[in-house]
Every structure is written in structure tokens, then in C-alpha cells.
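Listed below, chain by chain, are the residues.
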Amino acid sequence: MPRVLLIEDDAAVRDGVTLALRRRGHEVAAAASGEEGLAVLPGFRPDIVLLDLMLPGKDGFQVCRLIRAERQLPIIMLTARGDDLDVVLGLEAGADDYIVKPARGEVLEARIRAVLRRTALPADGAPAVEPGPAPVETYGELAIDRAGLVVGKGGQDLALAPSEMKLLLFLSATPGQVFSRQQLLEHVWEHSYHGDARLVDACVMRLRTKIEDTPRSPRYVQTVRGFGYRFGPL
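Residues numbered from 1 in each chain as written. Predicted model: local features only at pLDDT ≥ 70, side-chain atom pairs only at ≥ 80, totals over all residues. Heavy atoms only, no water.

A. Focus on the overall build of the protein. Secondary structure summary: the protein contains 8 helices and 11 strands in total. Counting only residues that meet the buried cut, the protein has 46% of its 234 residues in that class. Taking as baseline every contact in the protein between residues at least 6 positions apart, the subset at least 24 positions apart corresponds to 58%. Only carbon and sulfur atoms are counted for the fraction: they give 54% of the accessible area of the protein, which is about 11200 Å². (Helix = DSSP H or I, 4+ residues; strand = E, 2+ residues; numbered from the N terminus. Buried < 20%, exposed > 50% of the residue type's maximum accessible area, 1.4 Å probe, protein only. Contact = heavy atoms within 4.5 Å. Areas by Shrake-Rupley, 256 points an atom, 1.4 Å probe, with all protein chains shown as cover.)

Here it is as C-alpha cells:
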């Protein structure tokens, strides 16, 4: 079962989430502050981080950026409100998804599994093909190794967060095809309900800062106004 690092200052929420996840078989390390969570992270080696935004000392936004600077761990932020600026800022800081508190154990479990599946499967959701290495796809200066989950540009590997990697793999699998935000939510984030388009827009913005020469004039991940996004054509 995935190892979960929970960073949450509210003792009641921290205890409730920890108990719910342990009942489902997860190993959980719980921290009451951002500083404590950052100190625990290297030794615990979690598979995913659940991160509260409103923390004493270093807040969740700072903690998210610090984790992202060194690791590409999946991060789900915990927020008390689902429709405010905090969500947008958290996504822009590098979070892969968010959960509005309070959340039932089954919701936590489903979201954790959905986020982790993004890095475990190729973009089309099919099992990896064996044997033999798959060819590296080249688009301009961008090189995509689907089997190795490695993306490079100009000969340098890029550090992509899990949601950024899955989004790029999905879009580049069918260059030129336009996908709506809702389609991307269903295929990339695995949100089958009418999900939050901010997840998509924030991820696109972060991805463009890493793969595009000029993020405001994107060459790879392009906006089709009124419809959604596509990869290319170059």
C-alpha cells in the first residue's frame, strides 16, 4: 500500500485522516507543521503527500514549492474551501489535486489511488508493452520517452510533476487533436464527474513554463479558444 505523509496542523483532522488511511492499510506519517513534515520526508520516503494549506510557520504553499524543488512526489492539498483563491494558488505552487475538508476515508483513498495511477500507466491507460525499449518520440526540441517516463528538451531532462507528465503524455499521444477540459479531467485526473477546470489550467500553465521557449506563445501545448487544449501541430 502507498506510504502517505500527512502534513496537517489541526489535531482532530490529522487523527481522523491518519486513522482512516491506516484502516485501509496505508503506512502513515503525520506532521503538525510544514517544518516537521519536511524533516520527516527524507527518512519516511512517502509515495504521496497530503498537505494542508493553512499551516503555522511555513504555510502549505511554501512547503509545496520546497518539495517540488527537490522531488516530484505526488501532492494532494487539503483545503477547507473548494472555490477560493487558495485552490488556484496551491495548484500553481505544484499540487496535483485537492480535496475539500472534511473528506470521508473512501474519498481520500480514491483520490490517492487516482493520483498515483497517473505515474504508473502510460497515457492511454494500457499496460506497458514488453519486451524491447520503445522508441523515444521527438517533437522539435522535445523528446518523450513513454516507457521510461522521461521528457527532455535540448538534451536536458525536465523535472515534471506527476500530473504534468501524464497531461503531456496524453496530449502528445494524438498530436493535433483537441480535448476539452472536462475530457482531460476524466482521462488525466480520472474525475468522471463535472470536475474543476482549474486543475487543468494550472497544470497547463506549469507545464508550459518547463517545455516551452515562450510560455505565452506556446508551441507544444496550445490553447484552442472556446474548446480546450491540443499538442501541436508544430
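B. Main features of unusual backbone geometry. Following Lys101, the chain continues to Pro102 via a peptide bond in cis, the omega torsion being -5 degrees. Each neighbour pair has its own omega, and for Gly232 with Pro233 the value is 0 degrees, a cis peptide bond. For Arg45, which is not glycine, the phi torsion reads 55 degrees and is therefore positive. Structurally, Arg45 is set in the loop between helix H2 (34-44) and strand E3 (48-52). Backbone geometry at Leu149 places phi at a positive 50 degrees, although glycine is not the residue there.

C. Quick peek at the sheet that holds strand E2 (residues 27-31). The strand order E2-E1-E3-E4-E5 describes an open sheet built from 5 strands, whose pairing is parallel. The sheet is open, and its two borders are formed by E2 and strand E5 (97-100), each paired with just one other strand. Averaged over all adjacent pairs, the angle separating strand axes in this sheet is 20 degrees, with direction ignored. Direction of pairing for strand E4 (residues 75-79) relative to E5: parallel, over a ladder of 4 bridges. Counterpart to Leu78 in the pairing with E5 is Ile99. Along the sheet, helix H1 (residues 11-23) contacts strand E1 (3-7), E2 and E3; its crossing angle with E2, the most-contacted strand, is approximately 170 degrees. Against the sheet, H2 contacts E1 and E2, and its axis sits at roughly 165 degrees relative to E1. (Pairing = 2+ DSSP bridges. Axes fitted to C-alpha atoms, helices over the stretch in contact; angles between N-to-C directions.)

D. Spatial organisation of the nonpolar core. Of all hydrophobic cores here, the largest spans 49 residues; its most connected members are Leu167, Leu168 and Leu184. Setting aside anything within four residues of it in sequence, one finds Leu168 in contact with Leu142, Ile144, Val151, Leu160, Leu207, Ile211 and Phe231. Val4, Leu6, Val17 and Leu21 belong to the second largest nonpolar core, which has 14 residues in total. (Core = buried A, V, L, I, M, F, W, Y, C linked by side-chain atoms within 4.5 Å.)

E. Structural view of the pairing of E4. Taken across its 5 residues, E4 has 5 buried, putting it largely inside the fold. Burial along E4 is two-sided: the face carrying Ile75, Met77 and Thr79 and the face carrying Ile76 and Leu78 are both buried. What joins E3 to E4 is helix H3 (residues 60-70), and the crossover it makes is right-handed. (Right-handed = clockwise from strand over helix to strand, strands pointing away.)

F. Main features of the environment of Leu5. Positionally, Leu5 belongs in strand E1. Taking the relative accessible area as the measure of exposure, Leu5 reaches 0% and is therefore buried. Considering only alpha carbons, one finds Leu5 and Glu27, 22 residues apart in sequence, at a separation of 8.6 Å. Contact partners of Leu5, with chain neighbours within four places excluded, come to Ala29, Gly37, Val40, Leu41, Phe44, Pro46, Ile48, Val49 and Leu50.

G. The arrangement of the pattern of salt bridges in detail. As enumerated under the stated definition, the model contains 14 salt bridges in all. One salt bridge connects Glu109 with Arg113, and the closest N-O pair in it is separated by 2.6 Å. With Glu109 and Arg113 both in helix H5 (residues 105-120) and 4 residues apart, this pair spans about one turn of that helix. Measuring nitrogen to oxygen at the nearest pair gives 2.7 Å for the salt bridge that ties Arg146 to Glu137. According to the relative accessible area criterion, Arg146 is partly exposed, its value standing at 21%. Since its relative accessible area comes to 24%, Glu137 is described here as partly exposed. One salt-bridge network, in which partners are shared between bridges, spans Glu8, Asp52 and Lys101. (Salt bridge = Lys/Arg side-chain N within 4 Å of Asp/Glu carboxyl O.)

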